[in-house]
Amino acid sequence: MRRGQNPAKFVAEVAQPARVTVAVLTYAPFLGGFFAEALEVIQACLESLWRTTPPPYDLLVFDNGSCREVVDYLLQARRQGRIQYLLLSQHNLGKGGAWNIIFQAAPGEIVAYTDCDALFFDGWFERSLEILEAFPRVGMVTARPFRTPQTF
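Bear in mind that the values here come from a model prediction, so they are computed numbers and not experimental data.

(A) Spatial organisation of the environment of Leu 49. Position of Leu 49 among the secondary structure elements: in helix H1 (residues 38-52). The buried category is assigned to Leu 49, whose relative accessible area is 0%. As for Leu 49 and Phe 121, which are separated by 72 residues in sequence, their C-alpha atoms are 8.0 Å apart. Residue contacts for Leu 49: discarding those within four places in its chain leaves Val 22, Val 24, Tyr 57, Leu 59, Phe 120 and Trp 124.

Structure representation (structure tokens):
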């Protein structure tokens, strides 16, 4: 039984989500065979995102039933404040099932979605927003993957 008043009733200001939610879908059921380097790939993806994406944005990560090592890494990043929204599925819902949850859960006006095997380069965020703002009727902006000799 509760007693007294709920202290949240007296909070003057409630946090608001950022205009942009960057959403990343992760999946590594085990760390062997095809998935042997999956944790390192996920780490490289998120590190490149954090390094190249200027605030304000919120990061939403949906984990689609990964192994304990991946979940532990994501929980640590959440505790450090590097992930604002972390959704952990006990089962692999498939990509479509994950999308159904991600796009409903993302609180931002704009959602920047990626799988966990993408690398982000300087300027991706600003350029994407620039295109969206220049063409207000555009529903989606995407980039063509490219490689430079300095990067690979």
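Moving on, there is more to tell.
(B) Spatial organisation of the packing of aromatic side chains. Following the criterion strictly, the structure yields eight aromatic pairs and no others. Between Phe 120 and Trp 124, the ring centres sit 4.8 Å apart and the planes meet at 50 degrees, which makes this aromatic pair tilted. No difference in accessibility class separates Phe 120 from Trp 124, as the two residues are buried. Taken together, the ring pairs connect Tyr 27, Phe 30, Phe 34 and Phe 35 into an aromatic cluster.

(C) Structural context of the nonpolar core. Ranked by size, the top nonpolar core spans 29 residues in total, and within it Val 22, Leu 46 and Leu 59 carry the most contacts. When residues of this core are traced back to their parent elements, those giving at least two are strand S1 (20-26), H1, strand S2 (58-63), helix H2 (68-79), strand S4 (110-115) and helix H4 (124-134). Broken down by element, this core gets its largest block of residues, seven residues, from H1. Listed in part, the seven residues of the second largest apolar core include Ala 23, Leu 25, Leu 60 and Ala 106.

(D) Geometry of the packing of H1 against H2. The geometry of H1 relative to H2 is characterised by a closest axis approach of 10 Å and an angle of 20 degrees between their N-to-C directions. One finds that H1 runs roughly parallel with respect to H2. For H1 against H2, the interelement crossing comes out right-handed. Only Glu 69, Val 70, Tyr 73, Leu 74 and Ala 77 of H2 make contact with H1, whose side of the interface consists of Leu 39, Ile 42, Gln 43, Leu 46, Glu 47 and Trp 50. Class assignment of the residues belonging to the contact of H1 with H2 gives a composition of eight nonpolar, one polar and two charged.

(E) Focus on the layout of surface pockets. For the second largest pocket, the calculated volume is near 360 Å³. Taken together, 15 residues line the second largest pocket, and the ones lying closest to its centre are Tyr 27, Phe 34, Phe 35, Cys 116 and Asp 117. Counting only elements with at least two residues in the lining of the second largest pocket, the list comes to S1 and H1. If you tally residues by element for the lining of the second largest pocket, the top one is H1, at three residues. The residue inventory of the lining of the second largest pocket, partitioned by class, reads eight nonpolar, three polar and four charged.

(F) How the structure looks around the sheet that holds strand S3 (residues 85-88). Spatially, the four strands line up as an open sheet ordered S3-S2-S1-S4, and their pairing is parallel. For this open sheet the edge positions go to S3 and S4, each flanked by a neighbour on one side alone. Adjacent strand axes in the sheet meet at a mean angle of 15 degrees, parallel and antiparallel pairs treated alike. One ladder, built from four bridges, connects S2 with S3; its direction is parallel. The residue of S3 that forms the bridge with Asp 63 is Leu 88. Across the sheet, H4 is in contact with S1 and S4; its angle to S1 comes to roughly 125 degrees.

Thresholds, definitions, all that
Residues numbered from 1 in each chain as written. Predicted model: local features only at pLDDT ≥ 70, side-chain atom pairs only at ≥ 80, totals over all residues. Heavy atoms only, no water. Helix = DSSP H or I, 4+ residues; strand = E, 2+ residues; numbered from the N terminus. Buried < 20%, exposed > 50% of the residue type's maximum accessible area, 1.4 Å probe, protein only. Contact = heavy atoms within 4.5 Å. Phe/Tyr/Trp six-rings, centres within 6.5 Å; stacked < 30°, edge-to-face > 60°. Core = buried A, V, L, I, M, F, W, Y, C linked by side-chain atoms within 4.5 Å. Axes fitted to C-alpha atoms, helices over the stretch in contact; angles between N-to-C directions. Parallel < 35°, antiparallel > 145°, perpendicular 65-115°, else oblique. Left-handed = near helix turned anticlockwise from the far one by under 90°. Nonpolar A, V, L, I, M, F, W, Y, C, P; charged D, E, K, R; others polar. 1 Å grid on protein atoms, 1.4 Å probe; cavity = no way out; pocket = protein on both sides within 12 Å on 5 of 7 lines; lining within 4 Å. Points joined across faces, edges and corners; volume = space filled by probe spheres on them. Pairing = 2+ DSSP bridges.

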